2 protein chains.
Amino acid sequence: MSRITSIETVDVRFPTSLELDGSDAMNPDPDYSAAYVIVRTDASDRLSGHASAFTIGRGNEVEVAAIRSVADLLVDRDVDSLLGDMGATWRLLVHDSQLRWLGPEKGIMHMAIGAVVNALWDLRAKRAGLPLWQLLSRMSPEELVSLVDFRYLTDAITPADALAILRTAEPGRARREAELVDAGYPAYTTTPGWLGYSDEKLARLCREAVADGFGQIKLKVGASLDDDIRRLRIARASVGDGFPIAIDANQRWDVPEAIEWIRALAEFDVHWVEEPTSPDDVLGHAAIARAIAPIPVATGEHAHNRVMFKQLLQARAIRVMQIDAARVAGVNENVANLLLAAKFGVPVCPHAGGVGLCEAVQHLSMFDYVAVSGTWQDRVIEYVDHLHEHFTTPVVIERGRYRAPLAPGAGTEMLPESIAAHAWTGRHELAEVAVA
Amino acid sequence: MSRITSIETVDVRFPTSLELDGSDAMNPDPDYSAAYVIVRTDASDRLSGHASAFTIGRGNEVEVAAIRSVADLLVDRDVDSLLGDMGATWRLLVHDSQLRWLGPEKGIMHMAIGAVVNALWDLRAKRAGLPLWQLLSRMSPEELVSLVDFRYLTDAITPADALAILRTAEPGRARREAELVDAGYPAYTTTPGWLGYSDEKLARLCREAVADGFGQIKLKVGASLDDDIRRLRIARASVGDGFPIAIDANQRWDVPEAIEWIRALAEFDVHWVEEPTSPDDVLGHAAIARAIAPIPVATGEHAHNRVMFKQLLQARAIRVMQIDAARVAGVNENVANLLLAAKFGVPVCPHAGGVGLCEAVQHLSMFDYVAVSGTWQDRVIEYVDHLHEHFTTPVVIERGRYRAPLAPGAGTEMLPESIAAHAWTGRHELAEVAVA
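Keep in mind the model is a prediction, meaning the values are calculated, not measured. (Residues numbered from 1 in each chain as written. Chains lettered and ligands numbered in written order. Predicted model: local features only at pLDDT ≥ 70, side-chain atom pairs only at ≥ 80, totals over all residues.)

A.B. asks: Hey, could you run me through the overall build of chain A in this one?
C.D. replies: In terms of helices and strands, chain A carries 17 helices and 12 strands. Projecting the C-alpha coordinates of chain A onto the three principal axes gives extents of approximately 65 × 55 × 45 Å. The 436 residues of chain A split such that 61% are buried. In chain A, 77% of the contacts between residues at least 6 apart in sequence involve partners at least 24 apart. (Helix = DSSP H or I, 4+ residues; strand = E, 2+ residues; numbered from the N terminus. Buried ≥ 20, exposed ≤ 12 C-beta atoms within 10 Å, placed from the backbone. Contact = placed C-beta atoms within 7 Å.)

A.B. asks: Teacher, can you tell me more about the interface of chain B and chain A here?
C.D. replies: In many reports, interface size means the accessible area that the parts give up when they come together. Taken together, the contact between chain B and chain A spans 54 residues of the former and 54 residues of the latter. Counting only elements with at least two residues in the side of chain B that touches chain A, the list comes to α1 (60–71), α4 (107–128), α11 (255–265), α12 (282–292) and α13 (306–314) of chain B. In terms of residue count, the dominant contributor to the side of chain B that touches chain A is α1(B) (6 residues). Among the residues forming the side of chain B that touches chain A, the class breakdown is 22 nonpolar, 18 polar and 14 charged. (Nonpolar A, V, L, I, M, F, W, Y, C, P; charged D, E, K, R; others polar.)

A.B. asks: It is not clear to me how the sheet that holds strand β3 (residues 48–55) of chain A should be interpreted in this structure. Could you clarify?
C.D. replies: Pairing between sheet strands relies on hydrogen bonds along the backbone, with the strands arranged either parallel or antiparallel. All names here are of chain A. Strand order across the open sheet formed by 3 strands is β1-β2-β3, with antiparallel pairing between neighbours. The open sheet has two edge strands, β1 (4–13) and β3, and neither has a second partner. Neighbouring strand axes in the sheet, compared pairwise and without regard to direction, differ in orientation by 20° on average. Pairing analysis gives 9 bridges linking β1 to strand β2 (residues 33–41), with the strands arranged antiparallel. Within the sheet, the bridge partner assigned to V10 lies in β2 and is Y36. Each of β2 and β3 touches helix α4 (residues 107–128); the most contacted strand, β3, lies at about 150° to it. (Pairing = 2+ DSSP bridges. Axes fitted to C-alpha atoms, helices over the stretch in contact; angles between N-to-C directions.)

A.B. asks: Would you explain the environment of T168(B) in this entry?
C.D. replies: All names here are of chain B. By secondary structure assignment, the location of T168 is in helix α7 (residues 159–169). Residue class for T168 comes out partly exposed when judged on the 14 C-beta atoms lying within 10 Å of it. The spacing of T168 and G300 is 132 residues in sequence and 26 Å in space, taken between C-alpha atoms.

A.B. asks: Would you mind going over the sheet that holds strand β1 (residues 4–13) of chain B with me for this structure?
C.D. replies: Residues and elements named next belong to chain B. The antiparallel open sheet is built from 3 strands, whose spatial order is β1-β2-β3. Across the chains shown, the open sheet's two edge strands, defined by having one partner strand only, are β1 and β3 (49–55). The mean inter-strand angle of the sheet, taken between neighbouring strand axes irrespective of direction, is 20°. Here α1 sits on the sheet in contact with β1, β2 (33–41) and β3, set at roughly 175° to β1.

A.B. asks: Quick question: what am I supposed to make of the relation of the copies chain B and chain A here?
C.D. replies: Note on the chain copies: they are related by a rotation about an axis and a translation along it. Note on the copies: chain B fits chain A at an RMSD of 0.0 Å, the axial shift is 0.0 Å, and the rotation between them is 180°. Taken together, the rotation and translation relating the two chain copies correspond to the operation of a two-fold axis. Residue G107(B), judged by its C-alpha, is the member of chain B lying nearest the rotation axis, at 2.4 Å. Here 100% of the contact residues of chain B are again contact residues in chain A; the copies associate through an equivalent surface. (Least-squares fit on C-alpha atoms with pLDDT ≥ 70 in both.)

A.B. asks: Would you explain the nonpolar core in this entry?
C.D. replies: A general tendency of soluble globular proteins is for nonpolar side chains to be buried together. One finds V116(A) and V116(B) to be the most contacted residues of the largest nonpolar core, which totals 306 residues. Contacts of V116(A), omitting those with residues within four sequence positions, involve V37(A), I67(A), V70(A), A71(A) and L93(A). (Core = buried A, V, L, I, M, F, W, Y, C linked by C-beta atoms within 7 Å.)

A.B. asks: Whenever I open this one, unusual backbone geometry confuses me. Can you help?
C.D. replies: Trans is the prevailing form of peptide bonds, just as negative phi is the prevailing case for residues other than glycine. With an omega of 10°, the peptide bond running from A293(A) to P294(A) counts as cis. Following G103(B), the chain continues to P104(B) via a peptide bond in cis, the omega torsion being -10°. With respect to the helices, strands and loops of the structure, P104(B) is situated in the loop between α3 (86–94) and α4. We note that N250(B) has phi near 50°; this positive angle belongs to a residue other than glycine. Counting through the fold element by element, N250(B) comes out in the loop between β6 (245–248) and α11. Judged by the 20 C-beta atoms lying within 10 Å of it, N250(B) is buried.

Here it is, written out as structure tokens:
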């Protein structure tokens, strides 16, 4: 028997706002940050589990405090039991009778639980000597179902439904695993499309995206309609007719405004419209989807739990579902989300970028391909070329596809020297950097 | 000009779990807690603003950390400007470009903003020498509209709609204010209904509630159907036929389970069913409402913002709307919620209890009566007899009604000796109390 001896946290921040990387209509000046967590045990393997919650700067210290609060529930517990029944471990954290009030199942506390859950999965995958996507893809349908908390889901998907989906995909698992290792998983790039970039930089990055083999790009919109029209015209001219261009409003609009604005951009052959309004507004997304059809609505990076995804699917509000590795309560809840998407026949195209989101979420899409949906039809993982150099196993993009990672773990471990260099130690350090 | 010199926080916890006060199907052992905030200025009036976010124990330190993060945005600012345009102040906090990621507009960060906003309102009311409900009730319709952020609401209510509602109520303001001072506002009591109480205690407290003049009681349900039937039978026998008994499941059920369970309790003439399922599940609440009609569905204590209330109303999912003073981003957002309810013609019956929630929310119902809905038809404020003795201006209940408070402020200031006695200083203090 081995036990968890400590759960360490670090407040890690990168001053990305200085370069306007990541600037959009709602997030003009993000400082990509990680509330980083390390789970240590007294096992002889000396392995540790690493993961983080992603934030964009101010308040990262609150996310760290939340992880510490969650960690209190786990220190000194038997790590073999925790890792051996991750479904029970998830329920232990998410349904804690007092912490639950702080969500429930949303916001800072839910993201903190997600970070801790993901660190445990990182540890379990390292112990198994497998990348997370392979670990998940080789579990039995029964064990996968046991990971999911079906509370609040049974009007849309039951355990029996989930088992049927997983069993249907079972025969092709080995073949698809080999295909992934051989070919990688399709990606699209958001790198050209940040609002803070000049028109020249936009055009150059669009051309580079096509040359690099990406099958789709995405542009940020929503700050100014005139600017959006000008930028979409530049992008369309740069990538050529027929090349998929998605747009992303980052929650900027009210429902009537969204409908009007999107219609004004329809002439540019929009591949999908992402986050047109409040992420909480299921009925609003549904109204927009009806009004702008056949342009698909996409959302999910701020959908705070499986109940939100359930409703977006039930209401036919989305035709592209965008899971995020660090917004919900970790791998378990994203298994639920993938099963919901499969039940409703909606493709999952994950949100990524930030710091470490690409590294984490690729495992979920690859697991989906092998063991859940069994297809990559209409599916792409977002890719943004930021901050990968800080990870022990950074993503590798080849000809517009994510290469399947083969290193053991969940991909969420940062280099110790990066953590040390970017550990945030004071309240006003970033402001001082900006001045200097 | 005066400025905010400091914003202090205190982690205040009461070991209520020792008595099973507040026990329900999802919260078996709450330790009612306050992430308490004090806004101090250098003004010559020496007045300070007090309020808190309410939690149920573990994690209260995270809520305190969130308040500190919000406070950083306000310290050193001109307090007259902040108080003079509370609509702008609200936007400054809620739309902070980096903190927003931690919600958006939900969970720990949104509750922290609510605490700070409410402390500013407490200060403004003290400066005006008025209780908050009178301060709000005497504002012009135009100023009240300026408090509300209509972002994400305009498909349901526009500023013009809100202005029309407020102007319609304007002529009767003085009369209704006098009525409130004379008669108080109707209350109901949840004191009899906690799951942890014995049958004998339940029966005794039900009889006392009727004798004390309350017009309604509420029972917790959802842990065991047999127990619920037995307890409802006892309660019905104790209060007599025709006396309103509401039930509250505290999010315990899935949608199909809720429908089945509520139908099994319908014979006891249920006045409303509260929180039948996940607070995020708008479509689920709507499905339950359709299936159990004519029994009304009530919810809102965990509805995390105005966008959730908008949808619950749009979907006809609730016939009783339960605002909470400390869950959303403070007074401003609850003004939005009251306007939404008025637009849809749904009565607001606030959630209260905990620590300080009765003291805070009575002001909102009284403002609603004077200046928004203009009626108390079908409206009652929850009352629970816990922890009022810790406040400088505790609620006063007379013959089943809240007496209208006349002391200046928002009612949210705790006694310094109570704060000192219950300030939480270590991680395991409550556990030690429980052992002692």
